[in-house]
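# Structural overview
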Amino acid sequence: MVVESELSTGVLLFLPYRALEERVFAALAEAGFDDFTPAQARVLQRVGPEGTRLTELAEQAQITKQTAGFLVDQLEKAGYVRREPDPTDRRARLVCLADKALAAKEVADAVVAGVEREWEEHLGKRRMRQLREALTLLREITDPWSPGQGGTPSGQGGGSA
């Protein structure tokens, strides 16, 4: 058995995230949003409020453009996204959230808020604030799309799984 102090920081960050993700997916399935995979969700949550180009989705999800296109095709068939012309470049298209995705996001956001309240009750307000501050600081060096890194905002942020 691994002693807690032997767990890497990465594992310690991953464990609560995975627990959160599992609760979000369970609530989504219960609400009738059981027709997408975690891989599709990871692309979906990167679609910005004004839409996002496929190449940007692929880059942010760290997958090939072909894989992103396949996942977006599946999401489009399931009614979560639609493709629209990019008003800034007539040759490009934007992947935009459909009403179904926005409804699923409401469910996911409610679960995330509830889990964060539980974490705050467990850790206390001060520690929860410190955790968020520390993770926000780490984002500066780990997230190329964070403010100040010059990247494109990731859209839905930490709400959905």
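### Thoughts on the packing of aromatic side chains
For the structure on display, the rule yields 2 aromatic pairs. A centroid spacing of 5.7 Å and a plane angle of 50 degrees characterise the contact between Phe25 and Phe36, whose relative ring orientation is tilted. Taken as a pair, Phe25 in helix 1 (residues 9–30) and Phe36 in the loop between helix 1 and helix 2 (38–44) lie far apart in primary sequence, 11 residues in all. Here Phe25 and Phe36 have matching classes, each one buried. Aromatic side chains Phe36 and Tyr80 sit 5.1 Å apart centroid to centroid with 75 degrees between the ring planes, which places their arrangement in the edge-to-face category. Here the residue Phe36 occupies a position in the loop between helix 1 and helix 2, and Tyr80 occupies one in the loop between helix 4 (65–77) and strand 2 (81–86), the gap between them amounting to 44 residues. Here Tyr80 falls in the buried class, since its relative accessible area comes to 0%.

### A few points about the confidence of the model for the chain
When pLDDT is averaged along the chain, the result is 89; 87% of the residues meet or exceed 70. In this model residues 152–161 is a low-confidence stretch, pLDDT under 50, and it forms 35 contacts with partners more than four residues away in sequence or in other chains.

### Thoughts on the packing of helix 5 (residues 99–123) against helix 6 (residues 125–142)
Put simply, helix 5 and helix 6 touch, their axes get as near as 6 Å, and they point 120 degrees apart. It follows from the interaxial angle that helix 5 and helix 6 lie oblique. Handedness of the helix 5/helix 6 crossing: right-handed. Counting all contacts with helix 5, which are made through Glu116, Trp119, Glu120 and Leu123, the residues of helix 6 involved are Lys125, Arg127, Met128, Leu131 and Arg132.

What counts, and where the lines are drawn
Residues numbered from 1 in each chain as written. Predicted model: local features only at pLDDT ≥ 70, side-chain atom pairs only at ≥ 80, totals over all residues. Heavy atoms only, no water. Phe/Tyr/Trp six-rings, centres within 6.5 Å; stacked < 30°, edge-to-face > 60°. Helix = DSSP H or I, 4+ residues; strand = E, 2+ residues; numbered from the N terminus. Buried < 20%, exposed > 50% of the residue type's maximum accessible area, 1.4 Å probe, protein only. pLDDT = per-residue confidence, 0-100. Contact = heavy atoms within 4.5 Å. Axes fitted to C-alpha atoms, helices over the stretch in contact; angles between N-to-C directions. Parallel < 35°, antiparallel > 145°, perpendicular 65-115°, else oblique. Left-handed = near helix turned anticlockwise from the far one by under 90°.

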